Amino acid sequence: MLNQNHIRVVDTDVHHNIRDKTDLYPFLTRHFRERLDEYGMPRSTDLFSSNGGYRGARADCFEGEEDVDPRSRFELFDKKLLVDCAVDIAILQGEYTAPLLSLVDVEYSAALCRAFNDWTIAHWLDRDSRYRLALTVPIQDSALAVQEINRLGNHPAVVAVYLICGNTRLYGNRYFDPVYAACADHGLPIALHFSNEGVGMNPAPTASGYPSYYGEMYLLRPQFYQSHLSSFIFEGTFEKFSELKIVFLESGFGWVPSFRWRANTAWKALRAQTPWVKKLPSDYIDQHIRFSTQPFEEPDPPTAMSDLLLWMNGAQTLMFSSDFPHWDFDPPEVIATRVPPEIRANILAKNALSTYPKLA
Amino acid sequence: MPYQPTQNSRDTAVRLPHVVCTVSELAAGQRVIFSFNGLSIGVFNVNGAYHALLNRCPHRGAPLCEGRLTASVTAPQPYSYSRDREGEILKCPWHGWEFDILTGRSVFMPEKIRVKAYPTTIEQSQQHPLIAKYDVSVIAHLVVVWLSK
């Protein structure tokens, strides 16, 4: 186990993947193995048939083998992330597990989630002690999600539960309370990442339907998180689960000051309608919500970054993420060059160590 | 005749030739990336003409010269696509910033984010990052990049 004082960089958002569906065969019953063999992996989140970089990944990660997903290259992660970026701990959120969570057959979804988690433990966590896993769980069915949290929540390298923004309900809804109770039992925060908005059984990604282009969808992401954030606050999730932490991965953070101010204003005027919301919304955010740095905001003028970090309480609420190996990857140097020196260590590691109890 | 260090007409820096490869090793549409004095530089053969760029994107430091070659993509009017200058645009492998290999200027903000006019000087500023462009010569069958001392 790493000495906590020696952990300088925790990367909270890294995406690994299987190379081929056959990787999961040893972790499936014969029944579901035959189904996976016949129909292949569910791939249903692609509204735009487009992305950035090359096939959504850094174009310098293919190394001449264009048919191999860089997210499946264990050795590539070692070189270009752990070594080149001096990352001490990398938290894995599985690539292409999101489509599993828009399957309406929840038993099959649960089987594939279990297989993906078991495969990750065997082929990533057991091979290199620097990796941690945010569990993929079949969130369409909260009881099955709880089963998976209870099955693997005590594994020492399982440090969070991975949820995606696209759903039929906002995450403050009491339907999800059993999931948060299971997280509390195991000391696991929720790692919330965009995906699956407007896909499968989920509603359209905006109040007025679908955007036409990937660039629009890229810009729309903050509103996915804003919707869930207001839900968490006004449903009283943090009054019910006083230790629960929610990590917003790839949400952007330039919008956070505005949200805090507006939420506080709304709460002061409308508090009596939801009297179980006992604290200022910004207090809940400080205590329960953590934001990740990638894609790092580029204010104009650049000197505005100091104000932005002050206004969002970034010293306490912001954590480094690279999004490796995706095309909009940020190296840790971004923190060293764009963030005031006195809070760099908080953002690069300390905030993560206090957010994920099992890292400490 | 032996090659002598020469003076850049627009700069006082001494320029040194660095042999990168032979012409036959750098066909049209291909590139060679080499390191010298801690600098990584990419040399491109674009339709028979040679161009060299610093292999570091001014945005986030990505290995720019490992990016994909593409074209100038424009739209005469909304919802139309026009492609020309195939293979003359280099797209950064990370965040997709496009650069004109022939000039070193960015496609999206050519006046602010572009090559410095002095061929062997690398300059970057926080607000207006520049990418460095180098003079390339073909001497006999060798591709030579001129570097500042």
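Just above, that's the structure.
A few points on the structure.

Definitions and limits used
Residues numbered from 1 in each chain as written. Chains lettered and ligands numbered in written order. Predicted model: local features only at pLDDT ≥ 70, side-chain atom pairs only at ≥ 80, totals over all residues. Helix = DSSP H or I, 4+ residues; strand = E, 2+ residues; numbered from the N terminus. Buried ≥ 20, exposed ≤ 12 C-beta atoms within 10 Å, placed from the backbone. Contact = placed C-beta atoms within 7 Å. Nonpolar A, V, L, I, M, F, W, Y, C, P; charged D, E, K, R; others polar. Expected span 1.5 Å × (residues − 1). Bend = angle between axes of the 7 residues up to and from the residue. Core = buried A, V, L, I, M, F, W, Y, C linked by C-beta atoms within 7 Å. Pairing = 2+ DSSP bridges. Right-handed = clockwise from strand over helix to strand, strands pointing away.

Focus on the overall build of chain B
Within chain B, the secondary structure is distributed over zero helices and 11 strands. Sequence-ordered secondary structure for chain B, helices as α and strands as β, is β-β-β-β-β-β-β-β-β-β-β. Going through the 149 residues of chain B one by one, you find that 32% of them count as buried.

Brief notes about the interface of chain B and chain A
Many structure descriptions define interface size as the accessible area lost when the parts assemble. Chain B puts 11 residues into the contact, and the matching count from chain A is 14 residues. Its residues assigned to classes, the side of chain B that touches chain A comprises three nonpolar, five polar and three charged.

Section: helix H13 (residues 341-355) of chain A
Residue and element names in this part refer to chain A. Here H13 is 15 residues long and its end C-alpha atoms lie 21 Å apart, about the 21 Å a rise of 1.5 Å per residue gives. Most pronounced at Ile 347, the bend in H13 amounts to some 50 degrees. Along H13, the residues that are buried comprise Asn 346, Ile 347, Leu 348, Ala 349, Asn 351, Ala 352 and Thr 355.

Observations regarding the nonpolar core
Taken as a class, soluble globular proteins show a tendency for nonpolar side chains to be buried jointly. Ala 134, Val 159, Ala 160 and Val 161 of chain A are the most contacted members of the largest nonpolar core, which has 121 residues in total. Apart from residues no more than four positions distant in its own chain, Val 159 of chain A is found in contact with Ile 91, Arg 132, Leu 133, Ala 134, Leu 188, Tyr 356, Lys 358 and Leu 359 of chain A.

Describing the sheet that holds strand S2 (residues 89-92) of chain A
Residues and elements named next belong to chain A. Read from one edge to the other, the open sheet built from eight strands follows the order S1-S2-S3-S4-S5-S6-S7-S8, with strand pairing classed as parallel. Only two strands of the sheet have a single neighbouring strand rather than two, namely strand S1 (10-14) and strand S8 (318-319). Direction of pairing for S2 relative to strand S3 (residues 131-136): parallel, over a ladder of three bridges. Within S3, the residue paired with Ile 91 across the bridge is Arg 132.

Quick look at the pairing of strand S4 (residues 158-164) of chain A
Taken residue by residue, a regular strand's side chains alternate between the two faces of the sheet. Residues and elements named next belong to chain A. A large share of S4 lies buried, amounting to seven of its seven residues. Across four bridges, the pairing between S3 and S4 is parallel. Counted as the bridge partner of Ala 134 is Ala 160 from S4. Handedness of the S3-helix H4 (residues 142-152)-S4 crossover: right-handed. The pairing of S4 with strand S5 (residues 190-193) spans four bridges and is classified as parallel. Among the inter-strand pairings, Leu 163 is bridged to a residue of S5, identified as Leu 192. Running through helix H5 (residues 177-186), the crossover from S4 to the neighbouring parallel element S5 is right-handed.

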